Amino acid sequence: MRVVIQKLLPVLVLSCWSALAAALPQIEHWQTANGARVYFVAAHELPMVDVQVVFDAGSARDARPGVANLAAGLLTEGAGTLDANAIAEKFDALGARIGSSAGRDYASVTLRSLTDPALLQPALDTLSLILRAPTFPATAFERERKRVLIGLRAQEQNPGALAERAFYRALYGNHPYAQPPLGTAQSVATLRRDDVLGHYRRYYVARNAIVIIVGDLQRSAAEQVAETLVGQLPQGSTPAALPAVAEVSGETVRITHPSSQTHILVGQPVLRRGDPDYFPLYVGNHILGGSGLVSRISEEVREKRGLAYSAYSYFLPMRQAGPFQMGVQTRNESAAEALDVMRATLERYRAEGPSAAELEAAQKNITGGFPLNIDSNSDIAGYLAMIAFYDLSLDYLDRFIDRVNAVTAEQIRDAFQRRIDPERLVTVTVGNGQ
């Protein structure tokens, strides 16, 4: 029996790889007449389509903190002659779902609809109206502004939220990434509707838009979808590049908070999307702190010493250098020890790199789970938005597994030594611990 399995194994692996290769989405790309970029994947398994319209209009573009978030959130509050109720009733009647959000780098509007033309076309027409003629009603603006303020004031009592805000302030100083996407209580309290209108008029334009389409459509139908959605937007222009991120100097921020647990964050700005060190750092971090309870940091903090339920690390690549971040939440009396253990684990990993067994396990875990990451239209649309916004190559998904498998232990050690500087790590603690 063992001989039979050994003979069949290469065939099974080849079959699985062939099936995955055949299932990888084929990306088509073009530009509308007014300058919007379009990325399309045909997916005929279900009679539905997922659409995203992405704008370089995240909080990094805020003229005043919180504007991008309010602009994205208010898009569906009124458009043309429709109020919020009429918009909601239209999408409900069509069985379509719409959403909008803004992060640090970009803002996006999403739509999921069946592809039956009787349902899809009115859904697209309504979304087109929302994108080109939002009314940002004064009553809705005031209601949403107050809702955000309540949320921001609630965050002031949340040690986790306080730690994250202090962490980004320490990492980014005067850079736009320092401000939280929701804004601050001080800024949101003084925002006016005209601030939102100004943000919308500057950034929600065709040349600053990317249209993502994934679903049961032919190319000609997808071209019509894109024209319907953004064909009437003013051409506008792309904004200037964000400033580069300055190096940090190893600042430590301690915030006393009446909590029994201390939140600890450690890190520094490191990685842009498309950085040549991305795959060694990504695979390497999977071993260090990105694989949950079996990671090195979790093993040292949780399993060996019982200092916390979990501890982690990750890289968050952005348009400019996004953060490398380690984090743990622990008892106040254990805070100093947990911080020392995390930093010591990182320094040992920088010096030694991963073992051959750790690297093999990480590569198998990442590549084995990859098909599940692209098994729905919305998953693929999310990857397309990332590929398009950060100007990654169209074969990014095709080469993902090969790139992960090509990473060596020496590349990981080298990348961590060059890109992570223990002397420059920012440390933030929030709680009664040190």
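Residues numbered from 1 in each chain as written. Predicted model: local features only at pLDDT ≥ 70, side-chain atom pairs only at ≥ 80, totals over all residues. Heavy atoms only, no water.

### Some words on the sheet that holds strand β10 (residues 261-271)
As a reminder of what qualifies: By definition, two strands form a pair when at least two bridges between them are found by DSSP. A helix here means a DSSP run of H or I that spans at least four residues, while a strand means a run of E at least two residues long, and both kinds are numbered starting from the N terminus. Think of each axis as a best-fit line through the C-alpha atoms, taken over the contacting stretch in the case of a helix, with angles from 0 to 180 degrees between the N-to-C directions. Any two residues whose heavy atoms approach within 4.5 Å at even a single point are treated as in contact.
Taken together, the 5 strands give an open sheet; going across it, the order is β9-β13-β10-β12-β11, and neighbouring strands pair in mixed fashion. Of all the strands in the sheet, the pair left with one neighbour each is β9 (252-256) and β11 (311-315). On average, each strand axis in the sheet is tilted by 10° relative to the strand beside it, whichever way the strands run. With 5 bridges connecting them, β9 and strand β13 (residues 426-431) associate as parallel partners. Across the sheet, the residue bridging to valine 253 is valine 428, located in β13. With respect to the sheet, helix α6 (residues 159-172) is in contact with β9, β10, β12 (322-331) and β13, its orientation differing from that of β10 by roughly 30°. Seen against the sheet, helix α12 (residues 335-352) touches β10, β12 and β13 and runs at an angle of roughly 145° to β12.

### Overview of the environment of proline 25
Position of proline 25 among the secondary structure elements: in the loop between α1 (2-23) and β1 (28-31). Separated by 352 residues in sequence, proline 25 and asparagine 377 have C-alpha atoms that sit 9.8 Å apart.

### Quick look at the packing of α12 against helix α16 (residues 409-419)
The test is simple: Reported orientations rely on four angle classes, namely roughly parallel under 35 degrees, roughly antiparallel over 145, roughly perpendicular from 65 to 115, and oblique for the rest. For any helix crossing, the convention is left-handed if the near helix is rotated counterclockwise from the far helix by under a right angle, and right-handed if that rotation is clockwise. Each residue gets one label: Ala, Val, Leu, Ile, Met, Phe, Trp, Tyr, Cys and Pro are nonpolar, Asp, Glu, Lys and Arg are charged, and the others, such as Gly, are polar.
Viewed as axis vectors pointing N to C, α12 and α16 meet at an angle of 125°, and their least axial separation amounts to 7 Å. By the angle between their directions, the pair α12 and α16 is classed as oblique. For the pair α12 and α16, the sense of crossing is left-handed. Residues Leu346, Tyr349, Arg350, Ala351 and Glu352 of α12 pack against Ile412, Arg413, Phe416 and Gln417 of α16. The residue makeup of the contact of α12 with α16, split by class, is 5 nonpolar, 1 polar and 3 charged.

### A short note on the packing of helix α10 (residues 278-290) against α16
Where α10 meets α16, the axes come as close as 9 Å, and the angle between the chain directions of the two elements is 95°. Between α10 and α16, the crossing angle belongs to the class labelled roughly perpendicular. Contacts between α10 and α16 involve Pro280, Leu281, Val283, Gly284, Asn285 and Leu288 on the former and, on the latter, Gln411, Ile412, Ala415, Phe416 and Arg419. Its residues placed into classes, the contact of α10 with α16 shows 7 nonpolar, 3 polar and 1 charged.

### Details of the packing of aromatic side chains
Rules: For this analysis, a ring pair means two rings from Phe, Tyr or Trp (six-membered ring only for Trp) whose centres lie within 6.5 Å, classed as stacked if their planes differ by under 30 degrees, edge-to-face if by over 60, and tilted for the remaining angles. Any residue under 20% of the maximum accessible area for its type is buried, any over 50% is exposed, and the rest in between are partly exposed; the area is computed with a 1.4 Å probe on protein chains only.
With the rule as written, the count across this model stands at 20 aromatic pairs. For the pair phenylalanine 55 and tyrosine 204, a centre-to-centre distance of 4.4 Å together with 35° between the ring planes defines the contact as tilted. Of this pair, phenylalanine 55 sits in strand β3 (residues 48-55) while tyrosine 204 sits in the loop between α8 (193-203) and β8 (209-215), and the two are 149 residues apart along the sequence. Here phenylalanine 55 falls in the buried class, since its relative accessible area comes to 0%. Relative accessible area serves as the criterion here: at 2%, tyrosine 204 is assigned to the buried category. Between tyrosine 278 and tyrosine 282, the aromatic rings sit 5.5 Å apart at their centres with planes inclined by 5°, giving stacked as the arrangement. Placement of both tyrosine 278 and tyrosine 282 in helix α10 is noted, with a separation of 4 residues, approximately one turn of the helix. Among the aromatic residues, those joined into a ring-pair cluster are Tyr278, Phe279, Tyr282, Phe370, Tyr396 and Phe400.

### Section: the nonpolar core
Nonpolar side chains tend toward joint burial in soluble globular proteins. The condition is simple: What makes a nonpolar core is a set of buried Ala, Val, Leu, Ile, Met, Phe, Trp, Tyr and Cys residues whose side-chain atoms join them at distances within 4.5 Å.
Ranked by internal contacts, the top residues of the largest apolar core, which has 62 residues, are Ile212, Val301, Tyr396 and Phe416. The biggest single contributor to this core is helix α14 (residues 377-389), with 9 residues. Not counting residues within four places of it along the chain, the set of residues in contact with phenylalanine 416 comprises Pro280, Leu281, Gly284, Asn285, Leu288, Phe315, Leu346, Tyr349 and Arg350.

### Digging into the sheet that holds strand β2 (residues 37-42)
Pairing in this open sheet of 6 strands is mixed, and the strands run β1-β2-β8-β3-β7-β6 from one edge to the other. Of all the strands in the sheet, just β1 and β6 (97-102) have a single pairing partner and so form its edges. Between one strand axis and the next, the sheet turns through 15° on average, direction left out of account. Bridge count between β2 and β8: 6 bridges; the pairing is parallel. Across the sheet, valine 41 pairs through a bridge with valine 214, a residue of β8.

### Description of α12
To keep it simple, the criterion reads: Multiplying 1.5 Å by the helix residue count minus one yields the expected span of that helix. Working definition: the arc comes from the directions between the helix axis and the C-beta atoms, pointing outward to the latter.
Between its first and last C-alpha, α12 extends 26 Å over 18 residues, near the 26 Å set by a 1.5 Å rise per residue. Of all the residues in α12, the buried ones are Ala335, Ala338, Leu339, Val341, Met342, Thr345, Leu346, Tyr349 and Arg350. Projected down its long axis, α12 shows its buried positions confined to an angular sector of 170°, all on one face. Seen from the open side of α12, the exposed residues pointing more than 90 degrees away from its buried face are Asp340 and Glu352. Those residues of α12 that are buried lie in contact with β10, α10, α11 (296-304), β12, α16 and β13. Immediately beyond the C-terminal end of α12, within one or two residues, lies glycine 353, with a positive phi of roughly 70°.

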